Amino acid sequence: MSGRTHARSRPERTCVGCRERTAKTELLRIVAREDACVPDPRGTLPGRGAYVHPAPVCLDQAVRRRAFTRALRAPGALDTKALRRYVEQTTVADQATP
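Here's a quick rundown of the structure. Values in this document were obtained by computation on a predicted structure and should not be read as measured data.

**Here we look at the environment of Leu-28**
When you line up the elements, Leu-28 lands in strand β3 (residues 28-33). Spatially, the C-alpha atoms of Leu-28 and His-53 are 5.9 Å apart, while their sequence positions differ by 25 residues. When near neighbours in sequence (up to four residues on either side) are disregarded, Leu-28 contacts Pro-39, Asp-40, Pro-41, Ala-50, Tyr-51, Val-52, Pro-54, Leu-83, Tyr-86 and Val-87.

**Thoughts on the pattern of salt bridges**
Across all of its chains, the model carries three salt bridges by this definition. Of the charged contacts in the structure, one is a salt bridge between Asp-40 and Arg-29, with a shortest N-O distance of 2.6 Å. Remark: Arg-29 occurs in strand β3 and Asp-40 occurs in strand β4 (residues 36-40); sequence separation between them is eleven residues. Residue class for Asp-40 comes out buried when judged on its relative accessible area of 4%.

**So, the side chain of Thr-91**
Relative to the assigned elements, Thr-91 resides in helix α3 (residues 81-96). The residues touching Thr-91, leaving out its near neighbours within four places in the chain, are Pro-54 and Pro-56.

**Focus: the environment of Ser-9**
Among the secondary structure elements, Ser-9 is positioned in the segment before β1 (12-14). On the accessibility criterion, Ser-9 (72% relative accessible area) is exposed. Separated by 14 residues in sequence, Ser-9 and Ala-23 place their C-alpha atoms 9.8 Å apart.

What counts, and where the lines are drawn
Residues numbered from 1 in each chain as written. Predicted model: local features only at pLDDT ≥ 70, side-chain atom pairs only at ≥ 80, totals over all residues. Heavy atoms only, no water. Helix = DSSP H or I, 4+ residues; strand = E, 2+ residues; numbered from the N terminus. Contact = heavy atoms within 4.5 Å. Salt bridge = Lys/Arg side-chain N within 4 Å of Asp/Glu carboxyl O. Buried < 20%, exposed > 50% of the residue type's maximum accessible area, 1.4 Å probe, protein only.

Structure (structure tokens):
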């Protein structure tokens, strides 16, 4: 026995907002669709994805740094209204759940 534990490895991704490495399951995948950032909670939409914590703070940081445009390799600015609405709804739902 070498004394090593056999912990299962989990996929990790980096949040484009706060730049913190976290388990993939704790982050929200974002995909570019027609000049807009679209949330992909199931992670099944085709195309390049970027990951962000589903929190307004990280979303604001990513928008301010133009991280979605860079991470998704978009030619121009991306609209984040639908993404912001989704994050705010999930944040309110999480706070309502005890």
